[in-house]
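Structure assessment
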Amino acid sequence: MKSVVFIWVISISSGLLQAQEIIISGKILHANSQNIIGGVSVRLEDRFTEASTNTEGIFILSFTDLEMGNYILNISKLGFQSLRLPILLDRSTLDLGVISLTPDIAEQQAQLGSVNLSENELDDDQIDAGFSSILNAGKDAFLNAAAYDFSQTYFKTRGYDSQYGLVMINGIALNKINNGRPQWSNWGGLNDVQRNQDFNFAVSAVDNNFGSLAGSTNFVMRASKFSKGGRLTLSAANRSYRSRIMATYSSGELKNNWFYTVSLSGRFAEEGYMEGTSYNAKSAFLSVEKKINEDHSLNFAAIYTPNIRGKSAAITDEVFELKGRKYNSYWGYQGDQIRNSRQRRVEEPILMLNHFWELSKGTQITTNIAYQFGKIGNTRIDYGGTNLVRFNDQVSYDGGGQNPDPAYYQNLPSYFLRFEGSENYEAAYRSAGAFQENGQLNWDAIYEANRTEANAGNNAVYALTEDRNDDRSVFLNTTFDHQLNSNLMLNGGINFQQLKSHNYAKIDDLFGRNRFLDIDFFAEPTNDFSLEQVAQSDLQNPNRLVGENEIYKYNYDLNSTKFEAFSQLQFIAKNIETYLSAKISSTNYDRFGNYQNGLFPDNSLGQSAILHFIDFGLKTGITYHFTGRHSISSNLFLASNPPTLQNSLANPRQNNTLVQDLDSEQIYSADATYRYRSPNFNLKISGYFTQFRNVTDVSFYYVDGLSGLGRNTTTAFVQEILYDAEKQHLGIEFGTEAQVTSTIKLKSALAVGQFIFSNNPNLYLTSNSFAGNVNYGEARLKNYRLANGPQHAAQLGFEYRDPDYWWFGLTANYFANAFINVSPLLRTSNFTTDTDGLPLENYDAQLAREYLKQENLGDYFLLNAIGGKSWKLGDYYIGLFVSLNNILDQLYKTGGYEQSRNANFNSLQEDREREMPVFGNRYWYGYGTTYFANLYVRF
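Residues numbered from 1 in each chain as written. Predicted model: local features only at pLDDT ≥ 70, side-chain atom pairs only at ≥ 80, totals over all residues. Heavy atoms only, no water.

Right, let's get into the sheet that holds strand 9 (residues 172-173). Strand order in this open sheet of four strands is 9-8-11-10, and the pairing throughout is mixed. Two strands close off the open sheet at either side, each with one partner strand: strand 9 and strand 10 (197-201). As paired elements, strand 10 and strand 11 (residues 215-219) share five bridges and run antiparallel to each other. Bridge pairing links Gln-197 to Phe-219 in strand 11. (Pairing = 2+ DSSP bridges. Helix = DSSP H or I, 4+ residues; strand = E, 2+ residues; numbered from the N terminus.)

What follows is the structure, encoded as structure tokens:
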């Protein structure tokens, strides 16, 4: 740190030398059409002063502390090939005349296609796709590979989860407080208006926020930043959706300094690549800006992107062998229509107002306010419908249905072959045949079961439940940029965010009935409470009958407020760039229960304790340019983050219990990069190290074989709290591009990482089946790999760009070292302990090591191709883009997890020794050969 400060002092001293005022101006036109291009960024390299072309295409750069000499003028705009123009300053005024900027058609089209191809993965709540650089690859060879090729396999750059990547729109950070992740579907389908963006990869200087470990993206969606004109786009694909239509128009500057941009799109599929995965997404965007005067502008933007998609399930090897990789048990035909029982529904409009104030030359203040509201829902079938029975003052609940999932373990052949010596081969054969022949959700049987109960005067057995989050969020921030001189920039700001989240379950469909009994079908009486009490969702409304669209099961509010302040100093000179940034934040969480749960009568209704966290952050970096081509850089990052809201409460659906020993997560990270840049060859190699401490994770599942419960049963639906976990990310990244001829480019990329648990965290369980916490001590996870996609990836490829505006490219991609998500509970003392609390007598340490060895999902090879063509017909531009992924139709697994059902050695051994385990690992499979075709008309 002392060295950094010393370099700063020396460099700043030299940079403050006074020179006469210098004016650099020019006009930028489209290389093909000679049309004016507005919003082009122009700056001298090694200087902060920046200008943008106006509506006439003219830019003016003004300096008061610039010496005469040789400089590089950097000219850039998304969708165009960046230009580095050498200039000689030998007089106070330099007019460069007309400068032509060439469109980068290949980049425009590849981005337009790839964003949508990966949208379903980015929004998936079963596999975290991680922070994607897919919108931001720019000219970086490695990030291009990660964005357009590696992302289809759930590859995560540096192994970071998406919660460590910050996503902003017009300077407002929109990551969810609940899980820290950006909800990509809240702005999905708006590709045309997401082209203007400020992207900062990994740890680096960020002008309008402290930033985040994995980097930050700010979508600049101001009406004045869009070029005048319109675009109509039609697309066809066979991935998450089948068809898409988009229309966008920007007015440019109107009379009285008004601007507006409007964009509409729709994406649809009755069934995507995976069976039964319907897709219906609509998107609308409006931005209106008024330039009040030369110093003030006001922009209003509205985003509305309602979307519904059908989910797909992870499957075991047994199910795969019977039905293949496209199989999905969540759907079935209702009549002749595909109906998916597990839909994800997102409808969260965003309204924002932005004020831009140029206080003085070199000083800007931006104030933003936004309001987001709406709902996120996830549907599932509830088969616990019952009837209240009273006999001699005794209460019981009669009814309940079978799990309707056709892939439920009791419907599969392995269930009938699970006991050695008592195998029922006939039943196994029949179940295999029935599953292969049909194997989909039987909607008719569900309706018939409810109809039968109705005829007997009973309540519904089955209901479609929607788990809802109705969130209202307010965002407010103010940031400033003050240019002390052309070498020195000061940034800072404050951010405020408040969340009020209403969480509940509601009846979505009663399948022909009109009432459902709101009790917990799985509840059991305790020594202290009767069955009638413990079964109640709300003791204030016992044995309540509910109808469609009514709330039941659970009902609570989560509240959060977060305040953050940051400041950053940046210095740039001919050979050195450096920055220092710091932040401080305050975060509060609390829960308010609206139901008095029968299992937790004294700890469910009303206000919980308030969680409060104070966190800090510090980052710094330095880049040294040996020459215009060679440079090295390094960054340091130290920060603490509050635990996410979802990992702060043990079981918020039923009680106010907080996770014990909860503390802020700590992050330590360092990286170093060497770059070589020349007109025909670019190379970048980076090394990085990141350590996470105090990581907390809360999981929910059903388990058998628990010890230490203090009661007869050994099974329970539990909440697993893993805390004090440490994780380590270590690796290198490499990327090159070589322009071997004017039309042919060769490229390569490599990522080699090691992402592991670096300690043995602690684990305890809570449940409504037993009192208090059951602490199993250490979970022996040290050196197990994190399940976050391939940790090794490599690419070789080429592009051909013809002068007549057609192009194509081919990439060969190799992936390895993707690991399954292991069960922490199986690595605790419970694994070696009998249900009576004594050590297992027949425990075999060698076999245990074999059973607990983490599964490597194997290596695989994917061949991808892209190509396109553009035409100019009068005043219209037409473009065609086509991409093919996994051309060789390779079969590969993108992720998976161990089931925790068999929690001790005896039960796991029994299952593993079967020819086909009943509770084997579950997997997600990658897509086979897929295509995307895009046709647009721009006017």
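Read on for the rest.
On to helix 4 (residues 141-148), then. Most of helix 4 sits inside the fold, with eight of its eight residues counted as buried. Those residues of helix 4 lying buried are Ala-141, Phe-142, Leu-143, Asn-144, Ala-145, Ala-146, Ala-147 and Tyr-148. Between the side-chain oxygen at the start of helix 4 and the backbone nitrogen of Phe-142 there is a gap of 2.9 Å, and the oxygen is on Asp-140. (Buried < 20%, exposed > 50% of the residue type's maximum accessible area, 1.4 Å probe, protein only. Polar contact = N/O pair within 3.5 Å; in protein donor to acceptor, adjacent residues only side chain to side chain.)

Time to look at the side chain of Asn-635. Turning to its location among the elements, Asn-635 is positioned in strand 33 (residues 630-641). Of the polar contacts made by the side chain of Asn-635, one reaches the backbone oxygen of Val-203; its length is 3.4 Å. In this structure the side chain of Asn-635 is engaged in a polar contact, spanning 3.0 Å, whose partner is the side chain of Asp-671. Ignoring anything within four residues of it in the chain, the contact list for Asn-635 reads Val-203, Ser-204, Tyr-579, Thr-620, Gly-621, Ser-669, Ala-670 and Asp-671. (Contact = heavy atoms within 4.5 Å.)

Another point: the confidence of the model for the protein. The predicted model of the protein averages 89 in pLDDT, with 93% of residues at 70 or higher. Considering only residues more than four positions removed or in separate chains, one finds that residues 4-19, a stretch of pLDDT under 50, has 22 contacts. Ignoring residues within four places in sequence, the model shows residues 113-138, a span with pLDDT below 50, making 98 contacts including any to other chains. (pLDDT = per-residue confidence, 0-100.)

This part takes up the pairing of strand 42 (residues 860-873). Sheet analysis places strand 41 (residues 806-816) next to strand 42, joined by 10 bridges and oriented antiparallel. Across the sheet, Thr-811 pairs through a bridge with Asn-864, a residue of strand 42. In terms of strand pairing, strand 42 meets strand 43 (residues 876-885) through nine bridges, oriented antiparallel. Paired with Ile-866 across the bridge in strand 43 is Ser-883. Hairpin connection between strand 42 and strand 43: a loop of two residues separates the two successive antiparallel strands, and Gly-874 in this loop has a positive phi of roughly 65 degrees.

The subject of this paragraph is the pattern of salt bridges. With the rule as written, the count across this model stands at 33 salt bridges. Across the pair Lys-156 and Asp-161 runs a salt bridge whose closest N-O atoms are separated by 2.6 Å. Judged by relative accessible area, Asp-161 falls into the partly exposed class, the value being 21%. Here Asp-192 ties to Arg-195 by a salt bridge, and the two come within 3.4 Å at their closest N and O atoms. Using a relative accessible area of 8% as the deciding quantity, one classes Asp-192 as buried. The exposure class assigned to Arg-195 is buried, which follows from its relative accessible area of 14%. Residues participating in the shared-partner salt-bridge network are Arg-345, Glu-466, Arg-468, Asp-470, Lys-506 and Asp-508. (Salt bridge = Lys/Arg side-chain N within 4 Å of Asp/Glu carboxyl O.)

Let us now look at the nonpolar core. Note that soluble globular proteins tend to have their nonpolar side chains buried in a common cluster. Judged by nonpolar contacts, the single largest core of 45 residues is most densely connected at Leu-213, Leu-706, Val-718, Leu-765, Tyr-776 and Leu-825. Among the secondary structure elements, those contributing two or more residues to this core are strand 33, strand 35 (681-704), strand 36 (715-739), strand 37 (744-757), strand 38 (762-767), strand 39 (774-778), helix 10 (845-851) and helix 11 (905-912). Sort the elements by how many residues they give to this core and strand 35 lands first, with five residues. Residues contacting Leu-706, with those up to four places away along its chain left out, are Thr-714, Ala-716, Val-718, Leu-765, Tyr-776, Leu-825, Asn-830, Thr-835 and Ala-903. Core analysis: the next-biggest nonpolar cluster, separate from the first, contains 25 residues, Ile-177, Ala-463, Leu-499 and Tyr-556 among them. (Core = buried A, V, L, I, M, F, W, Y, C linked by side-chain atoms within 4.5 Å.)

Below, the discussion takes up the environment of Gln-909. Tracing the backbone shows Gln-909 in helix 11. Residue class for Gln-909 comes out buried when judged on its relative accessible area of 16%. As a C-alpha pair, Gln-909 and Lys-782 span 127 residues in sequence and 23 Å in three-dimensional space.

Now for the side chain of Asn-218. Take Asn-218: it is sitting in strand 11. Exposure remark for Asn-218: the relative accessible area of 6% places this residue in the buried category. Engagement of the side chain of Asn-218 in a polar contact is seen with the backbone nitrogen of Asn-170, the distance being 3.3 Å. Not counting residues up to four positions away in its chain, the partners in contact with Asn-218 are Met-168, Ile-169, Asn-170, Gly-171, Asn-196, Gln-197, Asp-198 and Asn-208.

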